[in-house]
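Structural overview for review
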Amino acid sequence: MSCNHYDRENDNIIFRPRWWMEIDLKNRSISVELTKYKGKLVLSEKEEKIIIDSFEKNEIGSLKGEYHVANEDVIAPIVDFTFVVFKRDKKILDAAINEGYDTQSNSKSIDDKIASFRDDLKSVLRNNPSYKLAEKNLEDYMVKHDVFML
């Protein structure tokens, strides 16, 4: 079996689409550290297929180590999305993508594969009701407690 294949039993992706928010794909959980919110990530078959297809298409399972994806001309980068990939409970990949990094069309670079995977994850989350609920929880807390992000 290829290391690019996502094995639902033995692989996991934990991603942080926003500060203080963590999503565990295997356990289908969403937590917001700042508010102590814990919820269930409900994915449709289509949403799960988009994530797994992107994982495999972008060869995320074959990457190992730590990657920081950023535009070259950024002086003070702001990381807006991170994810960690585990195979059989062993961390194999830790990736951070800076806000504003755009993939180059038809590029096969590692940075662009990582960013393309991020873009696909964001597109799924953007319309996912369970994610929107966790996001609203965080935003409401931030407004109520005057917590601001740079």
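Our subject is the structure listed above.
Residues numbered from 1 in each chain as written. Predicted model: local features only at pLDDT ≥ 70, side-chain atom pairs only at ≥ 80, totals over all residues. Heavy atoms only, no water.

1. Describing unusual backbone geometry
Positive phi is not limited to glycine here, since Lys36 has a value of about 65°. Within the element layout of this structure, Lys36 appears in the loop between strand E3 (29-32) and strand E4 (37-40). In this structure, Arg88 is a non-glycine residue whose phi angle is positive, near 50°. On the secondary structure map, Arg88 appears in the loop between strand E6 (79-87) and strand E7 (90-98). (Helix = DSSP H or I, 4+ residues; strand = E, 2+ residues; numbered from the N terminus.)

2. Digging into the sheet that holds E4
With mixed pairing, 7 strands are arranged side by side in an open sheet as E4-E3-E2-E1-E6-E7-E5. Unpaired on one side and paired on the other, E4 and strand E5 (65-69) mark the two borders of the sheet. The mean angle between the axes of side-by-side strands here comes to 15°, regardless of whether they run parallel or antiparallel. When strand E2 (residues 21-24) meets E3, the two strands line up antiparallel, connected through 4 bridges. Bridging from a neighbouring strand, Asp24 pairs with Ser29 of E3. Sheet strands touched by helix H3 (residues 129-144): E2, E3 and E4. Its angle to E3, the strand with the most contacts, is close to 10°. (Pairing = 2+ DSSP bridges. Axes fitted to C-alpha atoms, helices over the stretch in contact; angles between N-to-C directions. Contact = heavy atoms within 4.5 Å.)

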